[in-house]
Structures are given as C-alpha cells and as structure tokens.
Amino acid sequence: MAATDASLGAVAPVPVRVAQTAPTSVPSPTPARYPQLRSALATLGWSIASLGLFAGLWETLWALGFLNPLLLPPPHLFLSDLPGTLTYFDRANRIGSRGGGGGVMPLLATIGWTTMRVTVGLVLGFVGGVLVGALLHYIRLFRNLVLPTVLLLAPISPVAWLPVAIFVFGIGDVPAIFLVFITLFFAIALTTSAQIAAVPVTYLNVARIMGADSRQTFFRVVLPAILPGLFMTLRLNLFAAWMVVLIAEAVGVGSGLGQIVSLARSTFNARLSFFTMAIIGLLGFSFDWALRQIQARMLWWIAPQGGGR
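These lines cover the structure that appears in this document, whether it is placed above or below.

## Focus on the overall build of the chain
The helix and strand tally for the chain stands at twelve helices and zero strands. Each of the 309 residues in the chain was classed as buried or not, and the buried ones make up 33%. Pairs at least 24 residues apart make up 68% of the contacts formed inside the chain by residues separated by at least 6 positions. As displayed, the chain has an accessible area near 19400 Å², and 69% of this comes from carbon and sulfur atoms.

## Some points on the pattern of salt bridges
Pairing of side chains with opposite charge becomes possible as their charged atoms draw close. This structure, assessed with the given rule, holds four salt bridges. In this structure, D173 engages R117 in a salt bridge whose closest nitrogen and oxygen atoms are separated by 2.7 Å. Residue D173 is located in helix α8 (residues 173-197), and its partner R117 is located in helix α5 (residues 104-138); the two are separated by 56 residues in the primary sequence. On the basis of relative accessible area, R117 is assigned to the buried category, the value being 0%. For D288, the salt bridge is made with R292, and the minimal N-O distance between the two is 3.1 Å. Within this pair, D288 and its partner R292 are both found in helix α12 (residues 270-298), separated by four residues, close to a single helical turn. Using a relative accessible area of 9% as the deciding quantity, one classes D288 as buried. Each of the salt bridges in this network shares a partner with another, and the network as a whole consists of R117, D173 and E249.

## Notes on unusual backbone geometry
Trans is the common state for peptide bonds, and a negative phi is the common state for residues other than glycine. In the Ramachandran plot, F268 falls in the positive-phi region, its phi being about 55° despite a non-glycine side chain. Examined against the element boundaries, F268 turns out to sit in the loop between α11 (257-267) and α12. F268 sits in the exposed class, given a relative accessible area of 62%.

Rules used throughout
- Residues numbered from 1 in each chain as written.
- Predicted model: local features only at pLDDT ≥ 70, side-chain atom pairs only at ≥ 80, totals over all residues.
- Heavy atoms only, no water.
- Helix = DSSP H or I, 4+ residues; strand = E, 2+ residues; numbered from the N terminus.
- Buried < 20%, exposed > 50% of the residue type's maximum accessible area, 1.4 Å probe, protein only.
- Contact = heavy atoms within 4.5 Å.
- Areas by Shrake-Rupley, 256 points an atom, 1.4 Å probe, with all protein chains shown as cover.
- Salt bridge = Lys/Arg side-chain N within 4 Å of Asp/Glu carboxyl O.

Listed below in structure tokens is the structure:
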C-alpha cells in the first residue's frame, strides 16, 4: 500500500491543455440573410435591365435610321427639352387652364389629379363590387332581381359609358371616377359571388362547430378565403382602369395626363406625347407594385413563392 502510494506520488501530473476557441464574431448583415431584401433588389435589378434593354433597342433602331425622329423620337430626344415639355403642365384642375412657365410642381399636380381619380374609382369599385357580390350570393330575392341586369351591363365597354357619365355628372372629376368604378365593379361583383360559392364546405362546418355566428364566419372564414381571387381580379383590371381614366380626362374632364396626351395629339407634338406616355407607364408600374405589396401583407398566410414553385 505504501509502495503504491509512493508510485502514485512519483507520477508527475499531466498538464491539461484547454483549447482556446476564437471569439465568435457576429456575422455581418448580408443580403443572403435577408431573403426579402435580396428578392427586392433582384426585382429592381431585372426591372432596370428590362427598361434599359427596351430603351437601348429603341436608340439602336434610331441610330440605324429605321425610325423617324419626328414620329418616334428616342428617349434621349423627348427627354432633352424637359423645361419646354413641362410648360404644357399646369397646377390647376380646371378646363382650359394654361401652364405658366411649367416646372416640376405643375407636373406633380397633374399626376396627382390623375392618380386621385384612379384611386377613388378603384376603392369604390372594389368595395361596391364585394358588397353587391355578397348580396348576390346570400340573398336569393336580390340575386333573382339584380343578377340578370348585372350580366346584361357587364359586357358593355367602360368607354361606352363615357357619354352617359357626362350627361349625368357633367364635366369634371366625377365622370373619370365613374368610368374607373364601372371598369372594376362588375368584375369584382361577379368574382365575389363565384368565389363565395367556391369556399370549401369544410371551412364553414368547422366555423359552426367552433360556435361562430354568420357575421364571424363571413369576416373570419369566407372573406380571407376569397381575398386572393379578388386581389387577382383587381390587378387584372388595374391597367384597364388607367386606360379609361385617360380617355375620360381627354374628353370629359379637361385636365390630367389624359388631357396632355390629347393636346400632344392635336398639336402633333411627339416629344410631349412620348414623355407623357413614359409618366403613365411609370405610374401604372408603381400602382401594380404597391398593390402587390398590399397583397403580400394582407394575405400573409399565402406562400410568397406561390406554393407550388
């Protein structure tokens, strides 16, 4: 026992090395760690590339002599005289107004009036269409009385309603708003009625089992189920709304971007025409982008990549 103790005492202690790990560094925020930011940057990059390709092709055809600069001026020509082009824009929202010197503010005012007419018409058409569509589905008497009239009026082009709008509402903002409303109203009403009928019965049964009343079932089950289809219908009719509001402004309003396009056509001013067309295109693109952002935030339960991709 003593020998064992002596032998144990003779053994030198073995030093234990503790591996020193490098301090963990906080990873720098890169686009790879933010999928939404990376997706937004990719979308912006592809949009710039697409517009650059289109403008480059246009400039190339002009440089090769295939385009008449008086009829189809390339971007560098109709953007070269911005002060002269902006003299055609005016702050006032009245018929026969004449721009005094032009500038950025009159341009923004003109854009603002057109944007207001489109926005108000879309909101009224969407809300009114959802309300009428729900009544068509839930109230049989209302459906029997109103649905044949809706189906009769829906195929009529919104442009054909322009004389009626001017006769009823006169000259001003209301005819343009009414045309945008008509463009969206019938499509949303019919889509709402069809989408409600297509809601799976299982959803409704589960809501009843959980004690939901009719109001709670509509707002908590039916409305979220039909919103994706309604947003798609809204997006499909968005560009048609921009088309009809420009026609209404050229004929029944007397101001706005549509009136500028009509003025450019009357005076054979190709530079003003293409400049205004570029503004309208950017506004339509911005509206669609904003609507997609609203859709992504309201319909948060839908897969961002479409589910099946």
